[in-house]
Amino acid sequence: MDLWGEHMFRVQKKIQPPRVFRTNPSNIADGCLKVGVFSNGFCPMNHSKSPLVRTIDEDHEYGSRNTNMAFISQELCLTQPMRSLTVEEYAKVFKSFLDHSTEHQCMEQFNEKELPSIIASLGHGKSTINVLGVGSGTGEQDLKMIRIIQAKHPGIPVKNEVIEPNPQHILAYKNAVRNSSDLKNVSFTWHQLTSMEYEKLVKEQNLQKKYDFIHLIQMLYRVEDITNTIKFFHSYLDCYAKLLIIILSGESGWASIWKKYRDCLPPTDCGHYVTAEDIKIVLEGMGVKYQVYEFPSVWDITECFIDGDAIGGQMLDFLTGTKDFMNIAPLDLKQRLRHALVQPECSTKKDGRIIFRNDLSMIVVNS
């Protein structure tokens, strides 16, 4: 018996009737491989060779080979089902990702170096600045940007609306606001909705809303229609307004994994493999003006290569969108993914550590 679930068992010939276990194609498509026998020893789940199977019926052909044998061997490819992360599981592994990456520090550099000049023209003399955050999570980045808006437009009230489907994130966001004493003249409204649900609500109620600043931070991976989502929120920009999209750079390690080494990823990741290059194509098609700001970011993934490491397990779960990938993924798939991660277009090595390229693109779209 090995670590990846291949199991040899014996069936008593005189007692057990002839049986062959077969896979359900829908289970394979869903990334959930159950007990099955595969022709030519080929496993469709991980494209690897499994031990050939000899069924009970086939054993009759080998009667001359010790017909007095009471047992015969059958070898089956067994794995636990792979499944996508739940909302709660994703939030946990995302926190682990942030703890070991410079993503938020990268955004902070953008906030300090570029954002003040970008939001200088917001409102254009209006008495109130209207802000909309889409997929804002716990609000850490939202509040930093609001403070910059306040500093650039002192004394002007800010109305901040938030679209966030996770109730735990909204609770954390509210607590952060409650514990902040420097958010005077800022009002908050939270919508526990996905971006698609919000879009449907606005259209059904024919709400005529306009915003001075809308931001979509690392959230376009999970929407069903990226092009229409961008078009929808862009249509709600007021005059002199800005739409900020923060997304992975086309030069990041993620881009290489998703495009060059896509076969190393399981079918359980339900997100879109989209980078700034894809967003640029959408914006070019819309005929709008935009500017792109590139900022480097890294992620230390060394623990991904240590079997049994808890942090490494969370990293692989985040990379693949799959629960407990380290322990239940087919060995061949795990090996291929690890091999891809250390390729020079994905990672570098520094002081014995493996540093993954997590570069971000900040795309600012004019109204």
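My aim in this report is to walk through the structure given alongside it, one point at a time. The structure presented is a predicted model; accordingly, all values stated were derived computationally and were not measured.

1. Looking at the packing of aromatic side chains
Following the criterion strictly, the structure yields 22 aromatic pairs and no others. For the pair Trp 254 and Trp 299, a centre-to-centre distance of 5.8 Å together with 10° between the ring planes defines the contact as stacked. Taken as a pair, Trp 254 in helix 10 (residues 253-259) and Trp 299 in strand 11 (residues 298-300) lie far apart in primary sequence, 45 residues in all. The exposure class of Trp 299 is buried, given its relative accessible area of 0%. Pairing Trp 254 with Phe 318 gives two aromatic rings, centres 5.9 Å apart and planes at 85°, and the pair type is edge-to-face. Residue Trp 254 is found in helix 10, and its partner Phe 318 is found in helix 12 (residues 310-320); the two are separated by 64 residues along the sequence. Phe 318 matches Trp 254 in its accessibility class, with the two residues each being buried. Among the aromatic residues, ring-to-ring pairing joins Tyr 90, Phe 94, Phe 97, Tyr 221, Trp 254, Trp 258, Tyr 273, Trp 299, Phe 318 and Phe 356 into one connected group.

2. Let's talk about the sheet that holds strand 12 (residues 347-350)
The three strands are arranged 11-13-12 in an open sheet whose pairing can be described as antiparallel. Single-partner strands in this sheet number two, and they are strand 11 and strand 12. Pairs of neighbouring strands in the sheet enclose a mean axial angle of 30°, with direction left out of account. Alignment of strand 12 against strand 13 (residues 353-357), held across four bridges, turns out to be antiparallel. When the sheet's bridge partners are listed, Ser 347 is paired in strand 13 with Phe 356.

3. Some thoughts on the side chain of Glu 89
As for its placement among the helices and strands, Glu 89 is situated in helix 3 (residues 87-99). Overall, Glu 89 belongs to the buried group, its relative accessible area being 17%.

4. Section: the sheet that holds strand 5 (residues 129-134)
A sheet is described by the order of its strands in space; here seven strands give the open sequence 7-6-5-8-9-14-10, paired in mixed fashion. With partners counted over all chains shown, the strands left at the sheet margins are strand 7 (186-191) and strand 10 (290-295), one partner each. Averaged over all adjacent pairs, the angle separating strand axes in this sheet is 15°, with direction ignored. Pairing analysis gives six bridges linking strand 6 (residues 158-163) to strand 7, with the strands arranged parallel.

5. Overview of the pattern of salt bridges
Evaluation of the coordinates by the stated rule reveals 18 salt bridges. Two residues, Glu 140 and Lys 144, come together in a salt bridge whose shortest N-O distance is 3.7 Å. Placement of both Glu 140 and Lys 144 in helix 6 (residues 140-152) is noted, with a separation of four residues, approximately one turn of the helix. A salt bridge links Lys 334 to Asp 307; the shortest N-O distance between them is 3.3 Å. Residue Lys 334 is found in helix 14 (residues 331-341), and its partner Asp 307 is found in the loop between strand 11 and helix 12; the two are separated by 27 residues along the sequence. For Asp 307, a relative accessible area of 52% corresponds to the exposed category.

6. Topic: unusual backbone geometry
Of note in the backbone geometry, Asn 185 takes a positive phi value of approximately 65° without being a glycine. Inspection of the secondary structure assignment puts Asn 185 in the loop between helix 7 (167-178) and strand 7. Positive phi, close to 50°, is recorded for Gln 218, a residue that is not glycine. Tracing the backbone through its elements, the reader meets Gln 218 in the loop between strand 8 (211-217) and helix 9 (226-234).

7. Side note on the nonpolar core
With 91 residues, the main nonpolar core has Ile 214, Leu 220, Ile 245, Ile 279 and Met 362 as its most contacted residues. Counting residues per element, this core draws most heavily on strand 9 (residues 237-248), at eight residues. For Ile 279, the contacting residues outside a window of four places in its chain are Leu 220, Ile 226, Ile 230, Ile 245, Ile 247, Val 274 and Ile 363.

8. Overview of helix 9
An α-helix turns once every 3.6 residues. As a result, residues three or four positions apart point the same way. When helix 9 is considered as a whole, its buried residues turn out to be Ile 226, Thr 229, Ile 230, Phe 232, Phe 233 and His 234. Sitting at the head of helix 9, Asp 225 places a side-chain oxygen 3.3 Å from the backbone nitrogen of Thr 227.

The rules we used
Residues numbered from 1 in each chain as written. Predicted model: local features only at pLDDT ≥ 70, side-chain atom pairs only at ≥ 80, totals over all residues. Heavy atoms only, no water. Phe/Tyr/Trp six-rings, centres within 6.5 Å; stacked < 30°, edge-to-face > 60°. Helix = DSSP H or I, 4+ residues; strand = E, 2+ residues; numbered from the N terminus. Buried < 20%, exposed > 50% of the residue type's maximum accessible area, 1.4 Å probe, protein only. Pairing = 2+ DSSP bridges. Axes fitted to C-alpha atoms, helices over the stretch in contact; angles between N-to-C directions. Salt bridge = Lys/Arg side-chain N within 4 Å of Asp/Glu carboxyl O. Core = buried A, V, L, I, M, F, W, Y, C linked by side-chain atoms within 4.5 Å. Contact = heavy atoms within 4.5 Å. Polar contact = N/O pair within 3.5 Å; in protein donor to acceptor, adjacent residues only side chain to side chain.

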